[in-house]
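# Report on the structure
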Amino acid sequence: MSETSTHPRPGVSDPPWLRNILIVLAVTYLVLVVLLPFVSVLTQALARGFSTYGRALADPAGRSAILLTLLVAAIVVPLNTIFGVWLALGVARTRQRLRRLLETLVDLPFSVSPVVAGLLFVLLFGRHGWFDPWLTAHGIHIIFAVPGLVLATLFVTLPFVARELIPLLESQGLEEEEAAALLGASRWRIFWRITLPNIKWALLYGVILCNARAMGEFGAVSVVSGHIRGRTNTLPLHVETLFNDYDFTAANAMASLLAALGVVTLIARAITEWQIAHTRRNRESDSGLDSFAYGKTP
Amino acid sequence: MSIGIHNIRKRFGTSDVLAGVSLQIRTGELVALLGPSGCGKTTLLRIIAGLETADSGSVVCYDQDTRGQSLRDRRVGFVFQHYALFRHLTVFENIAFGLRARPRHNRPPEAEIQSRVNRLLDLIQLRAQGNRHPDQLSGGQRQRVALARALAIEPRVLLLDEPFGALDAQVRVELRRWLRQRHADLGVTTLFVTHDQEEALEVADRIVVMNGGRIEQVGVPAEVYAHPATPFVCRFLGSVNVLPASAHGSSKVYVRPHELILSRQATSDGISGCVTSISSAGPLARVELEIANAEHIEVLVAHDTATELHAVPGDALFVTPKRWHTYEEEPASETASPTDAWAI
């Protein structure tokens, strides 16, 4: 409990003057590195008035970039939500040795540079790639097309949901599921009525992170996209294209959309985090409440 | 015969958790599986429930082999040590879960579910708390909800894992009397796991003492207490003094502290000891003596006796056993000794 205490403990905490300096330094750093660029994106985007902003967003290439980003997220997020839950259940409920291996696999996309991830898909599905003959024979385009964007994004955002759920499932244990099974519930019912309600906030948190990354991913997507304006440019890629064309207002307008997504994500994160902390607190109070004497029923 | 357990074996890694356990449980009985932690009692309970599978051996439940039977078909009510209540559901919905989980064709109508759950809420005296969530209840209340939830499916067998383990001492005593009473009312065959010998002796019709994956003794409480079959059982069911070889012709003599007589005069089969401490708190006075080989023994005597003896630390007194147990030989395998509190 002492970690959550707001009172600094003597002997561990720094003297007040040092603490103040550290706080000022930390705040300055945050302002310089995070807040200032963020505000500048918004001001630059609005610098030439709302009409320019509106025009930038109404531009067909811009609109198609927005729609493409939404499309990719709409495919990737549900898939990685379902597989993330599945993976997490698998990892949390397998035996120790196998679990390590699975966990490492789940973490792989985090440890690989997104550019490398993109290249992997080009090597597999691109020209002279492993599957190229078969794909060409069947007239299927993956690289420089939407399927490639989806695959690259799937790869990069795979760990988010699973990573959120694994520690929670491990700490919750299996007893509630066992109890439900002994009460005669089917596996399906156990999942929907017991497992899912117990992980819903962590799941939502993972989905939010997954979505933010799916919409904001640049590196992996950049490699497989081919930057075809109006066809394979996602929002982040479109920002870069505009920037390279010295169209700073439009670039900033597009970037401000991503920034707004960031703000929404942040708020949603705060809410879900609060909920997770709340349920955890309740669970901790589960143990050792016995002083409410048994038998005092009205 | 409601449960027949035949030669169950179970290994985890390299250790035998259950090394061939056989046991018969009669319909309507209340049986305690008693033993120190790690003796395999919880694993045995989980195997009977179907939550674990045995490596070999079988469990027959009401003349049906349970192998391959689904958990639903076993109709086992299980109360977990930490209750495992569904934390996002109300008390009412927790109890109704088993009824609502039935396949549609034999699910009772809503009105019947309501009345059955309400009857169970009355049984556990929590009618007014039906809309609360588990985290709003005390430990003893949660325990009763867990019991009602298990009873809702009308189980043929009720299994309880350390049912009172997570409760305060006082709540525990009240709740086990309550459970004893409910068992008398309902007559469900019940098996519970405990490491507390007092609990087992007070609540159960029969006690199964386990140690190191084996059953040491099965019997009614009075019999197991009065005639412990092995040194382990003797030590596990309350304090015992282990006296060195004597006129009784055995290697060791096991005597309970209250079955020793203290006197100032030497007796034919008594041994002498030097009083090291006297504590007169509690219903009986507790006298500790040092005997030969620097071994300590404990004697419980009535306060009056202690007063008559005028014993003070340093006095030499004689100790004579009234009743004792001897065993042919101390089994070498008896490594999992009971906690130090039991052995003196």
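Residues numbered from 1 in each chain as written. Chains lettered and ligands numbered in written order. Predicted model: local features only at pLDDT ≥ 70, side-chain atom pairs only at ≥ 80, totals over all residues.

Along its length, chain B carries 10 helices and 18 strands. If one aligns the C-alpha atoms of chain B with their principal axes, the spans along those axes are about 80 × 45 × 30 Å. Put simply, chain B has 344 residues, and 42% of those count as buried. Taking the intrachain contacts of chain B between residues at least 6 apart in sequence as the baseline, contacts between residues at least 24 apart amount to 65%. (Helix = DSSP H or I, 4+ residues; strand = E, 2+ residues; numbered from the N terminus. Buried ≥ 20, exposed ≤ 12 C-beta atoms within 10 Å, placed from the backbone. Contact = placed C-beta atoms within 7 Å.)

Further remarks concern the nonpolar core. Ala32, Ile48, Ile95, Leu159 and Val208 of chain B are the most contacted members of the largest nonpolar core, which has 102 residues in total. Considering each element in turn, this core owes the most residues, seven residues, to helix 5 (residues 139-152) of chain B. Built from parts of two domains, this core gets at least three residues from each of domain 1 (3-232) and domain 2 (241-339) of chain B. The contacts of Val208 of chain B, once residues within four sequence positions are left out, are Leu23, Val31, Ala32, Leu33, Leu34, Ile215 and Val218 of chain B. Counting 60 residues, the second-largest nonpolar core is a separate cluster that includes Ile142, Ala214, Val224 and Ala251 of chain A. (Core = buried A, V, L, I, M, F, W, Y, C linked by C-beta atoms within 7 Å. Domains from an automatic or database assignment.)

The next point concerns the domain arrangement of chain B. It is common to give the size of an interface as the accessible area that goes away when the parts come together. Split into domains, chain B comes out as domain 1 (3-232) and domain 2 (241-339). Relative to domain 2 of chain B, the C-alpha centre of domain 1 of chain B lies at a distance of 39 Å.

Before going further, it helps to spend a moment on the packing of helix 8 (residues 159-172) of chain A against helix 10 (residues 187-216) of chain A. Each pair of packed helices can be summarised by the angle the axes make with each other and by the distance between the axes. All names here are of chain A. The geometry of helix 8 relative to helix 10 is characterised by a closest axis approach of 7 Å and an angle of 160° between their N-to-C directions. With respect to helix 10, the axis of helix 8 lies roughly antiparallel. Relative to helix 10, the crossing made by helix 8 is right-handed. On the side of helix 8, the interface is formed by Phe160, Val161, Glu164, Leu165, Leu168, Leu169 and Gln172, while helix 10 contributes Asn198, Ile199, Ala202, Leu203, Tyr205, Gly206, Val207, Leu209, Cys210 and Arg213. When its residues are assigned to classes, the contact of helix 8 with helix 10 shows 12 nonpolar, three polar and two charged. (Axes fitted to C-alpha atoms, helices over the stretch in contact; angles between N-to-C directions. Parallel < 35°, antiparallel > 145°, perpendicular 65-115°, else oblique. Left-handed = near helix turned anticlockwise from the far one by under 90°. Nonpolar A, V, L, I, M, F, W, Y, C, P; charged D, E, K, R; others polar.)

Residues and elements named next belong to chain B. Despite not being glycine, Asn7 has its phi angle at roughly 50°, a positive value. With respect to the secondary-structure elements, Asn7 resides in strand 1 (residues 3-12). The phi torsion at His310 lies on the positive side, around 50°, for a residue other than glycine. The topology assignment puts His310 in the loop between helix 10 (303-309) and strand 17 (316-321). Owing to 8 C-beta atoms within 10 Å, His310 belongs among the exposed residues under this scheme.

Moving on, we come to the sheet that holds strand 6 (residues 76-79) of chain B. Residues and elements named next belong to chain B. Overall, mixed pairing links the six strands, which are arranged 6-7-8-3-9-10 in an open sheet. Pairing within the sheet leaves two strands with one partner each, and these edge strands are strand 6 and strand 10 (214-219). With strand direction ignored, the average angle separating the axes of adjacent strands in the sheet is 15°. Sheet topology note: the strand 6/strand 7 (residues 157-161) ladder contains four bridges and is parallel. Each bridged residue has a counterpart across the sheet, and for Val79 the counterpart in strand 7 is Leu160. Against the sheet, helix 5 contacts strand 6 and strand 7, and its axis sits at roughly 170° relative to strand 6. (Pairing = 2+ DSSP bridges.)

Residue and element names in this part refer to chain B. Bridge count for strand 9 (residues 206-211) against strand 10 is five bridges, and the pairing is antiparallel. Along strand 10, the bridge assignment pairs Ile207 with Gly219. Where strand 9 folds back on strand 10, the antiparallel hairpin that results is connected by two residues, among which Gly212 adopts a positive phi of roughly 55°.

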